[in-house]
Every structure is written in C-alpha cells, then in structure tokens.
Amino acid sequence: MAGGQLSDAGGGRDAALDWLYGRDEDLERRGIRQTRHGGDGPSLVTTVDWLDGITTLFPKETVERLQRDAVERYQIHDVVTDPAVLARIEPNPTLLKAVLRTKHLMNPDVLLLARRIVETVVRQLMERLATQVRHAFSGARSRNASRFKVARNFDIRRTLRANLSHYQPQERKVYVETAYFVARTRRHLDQWQVILLVDQSGSMTGSVIHSAVTAACLWGLPGVKTHLVAFDTAVVDLTADVDDPVELLMKVQLGGGTDIAQAVAYGAGLIEQPRRAILVLISDLYEGTGGSERLVRLVGDLAGQGTKVLCLAALDEDADPAFDRDLGQRLADAGAAVGAMTPGELAAFVAEQVGR
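Everything numeric here is computed off the predicted structure, so don't read it as measured data.

1. Some details on the overall build of the protein chain
And step 1. Secondary structure summary: the protein chain contains 15 helices and eight strands in total.
And step 2. Across the 356 residues in the protein chain, those meeting the buried criterion constitute 46%.
And step 3. Counting only contacts in the protein chain whose residues sit at least 6 apart along the sequence, the fraction spanning at least 24 positions is 76%.
And step 4. Just so you have it, the protein chain exposes about 18600 Å², and 48% of that area is on carbon and sulfur atoms.

Written as structure tokens, this is what we have:
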C-alpha cells in the first residue's frame, strides 16, 4: 500500500479478516502478527457484529468461506449456538455440519433456530438430488418393438446394426432400409433392497447428511425398499424416519467409537433376498474395535451369496475418499466394490441394478 491509508470499505474488510485470521497462532510463531490500522469503520468485536459486517463487505462466496473457516478452522461455536447469530446467518452446508456437531450444546430455543438451517439446506439438497434420481429411475425402455413409429421411440442401436450391410464407404453413410422402434413402457421391476449403513464418526458428517437425503429420495420408488442404519459402537435403525430427513438428522449422534463389523452383521440380518440386495457401507473403514477379521469375513459371505456390497469412503458432492486403504483392499479382495460416490452416482447405480 506504500504507506497509504485504507478506505473505509478497505479498512472494514481488513478488520473483518483480522478478527478471524488474526487469532491464528501461526502468525505469532512466524513473527508477522502486528496491530493493523485501517479506515474509520467501526471495530468488529462480537460474532454478531462480524457476521453482519462481512455480509456487506464481501461477495456471497467469500462470506461462505469465512463462515466455514470460523466454524471448522477456529471452532467458533457461537456461530451456530448463539440465537442472535443463528437469526442472522444464511443457511449453507458448512453450517449444517456445524449444527449436527454442536446440537447437543444447544438449549431448546436455540435448537429450534438451528433447525431452520437443517431444513433449508436439506430442502436444497433434496431438490438437486431428486432431479438426478428421477432421471436415473425414468424407466428402462422395453426392448419390445413399438407400433408407434415416432422419433422419440427410434431405436438407433438396433437400426444401425440391422443396416450395416448398406454402408457406403465412399459416402461414409449408412442407408436405412428398415428402421426399428422400441416401446417406452417400463419393464416390471422386481423388489430390491438398498441397505445404507452409515458411520456416525465425526469425520463422516458430510456423508451422514447425504446418506439421509439419498435415502429419502430413494424412499417409495418403485422396485426399491430402503433401509438406513447409523452406527458407532452401537447400531441405530433410522428407517422409520427416512421419509423425514430433517427429523432423522436431528436424531443422529455424531462421534464415539466405531464397530463396523457389528453394523454389517445387522445389515446382513435385514436382507430378504440376497441376490436382490445392495448393502452400502459408508465409512472411512477405521475399525475401532479390532473386528476387522470379522468384517472381512462378513463381507465375503455377503458377496458369496450374491449380495452387492459397496464400501464407500465418502458419499457426498465431492466424493473425495479418505479411508483405511489396507482394510479397503482386503474388503475388495473379499468381493466388495470400494471407493467413493456422489449421491447421484449411487442413485444411478441402484437404478441400473433395479432396471435389469
């Protein structure tokens, strides 16, 4: 700045950033923390003042980043536990995660305000995923010939195969003598079970949220029977609340130990027809009870009986897997598919299996 003084707006931005990032201990260790001087803007002291200030000083994307750092990096919990703050804040996925982590600290009045964040973000996620699910489950077309020879029923693959003998290399064209059309009716869908087993440990918060939303979108679809089970060292069957993901998430208790084998054993007990079941284990696979041998054996048994087993280290929009790769490899060797998916990709996988 060549010694120049900041404008009022510039000084406000500087003060807002210093209120948050000035508490970083690394600044002192590096010897660069210093008293800042800016314009004549008001000092931002409380969390409420800071939140009010940044919404006018920065664009929406920056505001969301600052809020995320306040909650996740600096653990400023009053962002989601102070009624005055909750009344001002714009709901977003980061704040939803923070609410789920801190709701046990909230009194009933604060919890009521926090629920607004849960409801708003869940509704936004539901709207996005529901579109993907409807597309995935739009109904596989029957391969029966259609009497209605209209463009939307045109079977391009069968037509090309049947008319390849009429290909003219010089013109690089296929002349169609016989065109084929398919019926748009859905095939009969036999019942499939989709069993979602979700690790409640703190690192899996994003996957817990998206599992609840995914289960709600799959609920009631033709040919699909959905179960949702949360676990740590205990197993809680949340299937009765699947149609209300907000209520479901408010019941989730994040944190605690992990007994993955016990959860898989519970899921296995829910299976009605092994060859028409998809068991989705959503966990970072860090088994906390020393039951990895039992877990591998259970997964091997499930795969051996024809059940499709997915071990997802992440089920969220980023699908960025972080998991115990040694155990993941052992589960893959036992017959599971191991990796990560977005909720839309999982819905498409389920639709592909159901529509076969």
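There's more to say after this.
2. Some thoughts on the pairing of strand 4 (residues 224-231)
And step 1. Taking burial as the measure, the eight residues of strand 4 include seven buried ones, the bulk of the element.
And step 2. With eight bridges connecting them, strand 3 (residues 192-199) and strand 4 associate as parallel partners. Bridge assignment links Gln193 to a residue of strand 4, and that residue is Lys225.
And step 3. Between the parallel elements strand 3 and strand 4, the chain passes through helix 10 (residues 205-218) in a crossover that is right-handed.
And step 4. Relative to strand 5 (residues 235-237), strand 4 runs antiparallel, the two being bridged by three bridges.

3. Here's the deal with the sheet that holds strand 7 (residues 308-315)
And step 1. With mixed pairing, six strands are arranged side by side in an open sheet as 5-4-3-6-7-8. Where the open sheet ends on each side, the last strands, each with one partner, are strand 5 and strand 8 (337-341). Averaged over neighbouring strand pairs, the angle between their axes works out to 25 degrees when direction is ignored.

4. Here's the deal with helix 7 (residues 93-102)
And step 1. Summarising burial for helix 7: seven of the ten residues are buried, a large majority.
And step 2. The set of residues buried in helix 7 consists of Thr94, Leu95, Leu96, Ala98, Val99, Leu100 and Thr102.
And step 3. For helix 7, the N-terminal capping position is held by Asn92, with its side-chain oxygen 3.0 Å away from the main-chain nitrogen of Thr94.

5. Notes on the environment of Cys311
And step 1. Looking at where Cys311 falls in the secondary structure, it is placed in strand 7.
And step 2. Counting along the chain gives 27 residues from Cys311 to Val338, while the straight-line C-alpha distance between them is 4.7 Å.
And step 3. Residues contacting Cys311, with those up to four places away along its chain left out, are Leu281, Leu331, Ala336, Ala337, Val338 and Gly339.

6. Details of the environment of Thr205
And step 1. Note that Thr205 resides in helix 10.
And step 2. On the basis of relative accessibility, which here comes to 1%, the residue Thr205 falls in the buried class.
And step 3. Separated by 109 residues in sequence, Thr205 and Ala314 have C-alpha atoms that sit 9.9 Å apart.
And step 4. In contact with Thr205, not counting residues within four places along its chain, are Lys97, Leu100, Arg101 and Leu254.

7. Side note on the packing of helix 8 (residues 108-136) against helix 15 (residues 343-354)
And step 1. Look at helix 8 against helix 15: their axes get within 9 Å of each other, and the N-to-C directions meet at 20 degrees. The orientation of helix 8 relative to helix 15 falls into the category roughly parallel. For the pair helix 8 and helix 15, the crossing hand works out as right-handed. Taking contact as the criterion, the partners of Leu129, Gln132, Val133 and Ala136 in helix 8 are, on helix 15, Pro343, Gly344, Ala347, Ala348 and Ala351.
And step 2. Each residue belonging to the contact of helix 8 with helix 15 can be placed in one class, and the counts come to seven nonpolar, two polar and no charged.

Scoring rules and cut-offs
- Residues numbered from 1 in each chain as written.
- Predicted model: local features only at pLDDT ≥ 70, side-chain atom pairs only at ≥ 80, totals over all residues.
- Heavy atoms only, no water.
- Helix = DSSP H or I, 4+ residues; strand = E, 2+ residues; numbered from the N terminus.
- Buried < 20%, exposed > 50% of the residue type's maximum accessible area, 1.4 Å probe, protein only.
- Contact = heavy atoms within 4.5 Å.
- Areas by Shrake-Rupley, 256 points an atom, 1.4 Å probe, with all protein chains shown as cover.
- Pairing = 2+ DSSP bridges.
- Right-handed = clockwise from strand over helix to strand, strands pointing away.
- Axes fitted to C-alpha atoms, helices over the stretch in contact; angles between N-to-C directions.
- Polar contact = N/O pair within 3.5 Å; in protein donor to acceptor, adjacent residues only side chain to side chain.
- Parallel < 35°, antiparallel > 145°, perpendicular 65-115°, else oblique.
- Left-handed = near helix turned anticlockwise from the far one by under 90°.
- Nonpolar A, V, L, I, M, F, W, Y, C, P; charged D, E, K, R; others polar.

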